[in-house]
Amino acid sequence: MREPQRSRIGVFDSGVGGLTVLRELYRQLPKESILYFGDTARLPYGNRSPQVILQYVREILTWMAEEEVKMVIMACNTSSALALETVQQEFNMPILGVILPGARAAVRQGRRIGVISTPATAASNAYRHAIHEVNPDALVWQMGCPEFVPLIEQNRLHDPYTLEVAKGYLKPLLDADIDTLVFGCTHYRHLTPVFQQILPSHIRLVDPASHVVKAARQELEVMGLRNSEMSIATRFTVSGCPQQFAELSQQWLGFTPMVEKISLPCLSSIYPQPLEIRE
């Protein structure tokens, strides 16, 4: 059995969005080894029910626990919004979400805060609650953006249609005179060049990815789990097509990863939550 400090950090998302967190891990914690999982067979998460999301997260965490990770970062705002508190009580390992670190960072930046996210995250009001927990006087506007994740996963970042969709989503926030915009989905950092064509320069952008990794670094220090030796190569896993994920992620990683397809455990007999039937 490996030493706890040498164990990997588990990172998961519905797809390539979590690569923004992975890159921050490479930058802030270069000696840590990572297990990355993209639930590409079941994306997007943002239009699913809380019960289904909780079921997905339980399956992923059960598999990661079997892989003996020392910590898990939910690099998925939808999962963080709908399942984090529940699974933190169910699993005996540190599990970090992106919402509270993002909310704290947003409050440090401004007082008129816009949040773009999946519809499920917006409906949960998780960011509004987290922001008001830090500063009750902050004003918060939320916008669910159902088309962003599919457009990113289809590699349509430079499609004129994507720019038009972004303009539509951002207009109500601009009309509200926001001074800060939170990427309430880890996928959205990939759209930064698109947003920069639309947003005035005075609006500050908050990417929770960098802040959740900072929180992870602090947690590792407190628990004595920080690795001081050389890291081993990141293990990339998906539930869908490995080749598609590898090709899409190359542009953000700077290399083409080796990706393996894995099967998650079915936990319906343990957690009798209703499962969503996919067409």
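Up top is the structure these notes are about.
None of these values were measured; they are calculated from a predicted model. (Residues numbered from 1 in each chain as written. Predicted model: local features only at pLDDT ≥ 70, side-chain atom pairs only at ≥ 80, totals over all residues. Heavy atoms only, no water.)

## Considerations on the pairing of strand 3 (residues 71-74)
In step 1: Burial along strand 3 is two-sided: the face carrying M71 and I73 and the face carrying V72 and M74 are both buried.
In step 2: Relative to strand 3, strand 1 (residues 9-13) is paired through four bridges, and the arrangement is parallel. Bridge pairing links G10 to V72 in strand 3.
In step 3: Examined bridge by bridge, strand 3 and strand 4 (residues 95-96) share two bridges and lie parallel to one another. In the strand pairing of strand 4, I73 is matched with L96.
In step 4: A crossover connection joins strand 3 to the parallel strand 4 through helix 3 (residues 77-90); in handedness this β-α-β unit is right-handed. (Buried < 20%, exposed > 50% of the residue type's maximum accessible area, 1.4 Å probe, protein only. Helix = DSSP H or I, 4+ residues; strand = E, 2+ residues; numbered from the N terminus. Pairing = 2+ DSSP bridges. Right-handed = clockwise from strand over helix to strand, strands pointing away.)

## Re the side chain of Q28
In step 1: Locating Q28 in the fold gives a position in helix 1 (residues 19-28).
In step 2: With relative accessibility at 14%, the residue Q28 sits in the buried group.

## Some remarks on the pattern of salt bridges
In step 1: Inspection of every chain in the model, using the stated rule, returns 14 salt bridges.
In step 2: In this structure, E164 engages K167 in a salt bridge whose closest nitrogen and oxygen atoms are separated by 3.5 Å. Of this pair, E164 and K167 both sit in helix 8 (residues 160-175), three residues apart, which is roughly one turn of the helix.
In step 3: Residues participating in the shared-partner salt-bridge network are E24, R27, R189 and D207. (Salt bridge = Lys/Arg side-chain N within 4 Å of Asp/Glu carboxyl O.)

## So, helix 2 (residues 50-66)
An α-helix turns once every 3.6 residues. As a result, residues three or four positions apart point the same way.
In step 1: Taking 1.5 Å per residue, 17 residues should reach 24 Å; helix 2 reaches 24 Å between its end C-alpha atoms and fits that length.
In step 2: Burial runs high along helix 2: 13 of the 17 residues are buried.
In step 3: Positive backbone phi, at 60 degrees, marks E68, one or two positions downstream of helix 2. (Expected span 1.5 Å × (residues − 1).)

## Observations regarding the sheet that holds strand 10 (residues 259-261)
In step 1: In space, the six strands of this open sheet follow the order 4-3-1-2-9-10, with parallel pairing throughout. Edge positions in the sheet fall to strand 4 and strand 10, since each of these pairs with one other strand and no more.
In step 2: Packed onto the sheet, helix 10 (residues 208-223) meets strand 1, strand 3 and strand 4 and runs at close to 165 degrees relative to strand 3.
In step 3: Taken strand by strand, helix 11 (residues 242-253) contacts strand 2 (34-38), strand 9 (235-238) and strand 10, and its axis lies near 150 degrees from that of strand 10. (Contact = heavy atoms within 4.5 Å. Axes fitted to C-alpha atoms, helices over the stretch in contact; angles between N-to-C directions.)

## Looking at the packing of helix 1 against helix 10
In step 1: Packing of helix 1 against helix 10 brings their axes to within 9 Å, and their N-to-C directions diverge by 50 degrees. Regarding the angle of helix 1 to helix 10, the classification is oblique. Viewed along their axes, helix 1 and helix 10 form a crossing whose handedness is right-handed. Facing helix 1, whose interface residues are T20, V21, E24, L25, R27 and Q28, helix 10 presents A209, S210, V212, V213, K214 and R217. (Parallel < 35°, antiparallel > 145°, perpendicular 65-115°, else oblique. Left-handed = near helix turned anticlockwise from the far one by under 90°.)

## Describing unusual backbone geometry
Keep in mind that most residues, glycine aside, have a negative phi and that most peptide bonds are trans.
In step 1: Look at the link from L43 to P44: it is a cis peptide, with omega at -5 degrees.
In step 2: With respect to the helices and strands, the residue P44 is situated in the loop between strand 2 and helix 2.
In step 3: Positioned with a positive phi, E68 is a non-glycine residue whose angle comes to about 60 degrees.
In step 4: On the secondary structure map, E68 appears in the loop between helix 2 and strand 3.
In step 5: On the accessibility criterion, E68 (37% relative accessible area) is partly exposed.
In step 6: Look at D177: it is not a glycine, yet its phi comes out positive at around 60 degrees.
In step 7: Residue placement: D177 occurs in the loop between helix 8 and strand 7 (180-184).

## Structural notes on the environment of L22
In step 1: As for its position among the elements, L22 is in helix 1.
In step 2: A relative accessible area of 0% places L22 in the buried class.
In step 3: L22 sits 172 residues away from V194 along the chain, and the two C-alpha atoms are 22 Å apart.
In step 4: In contact with L22, not counting residues within four places along its chain, are I34, Y36, T234, F236 and L253.

Scope: geometric values only; no functional claims are made or implied.
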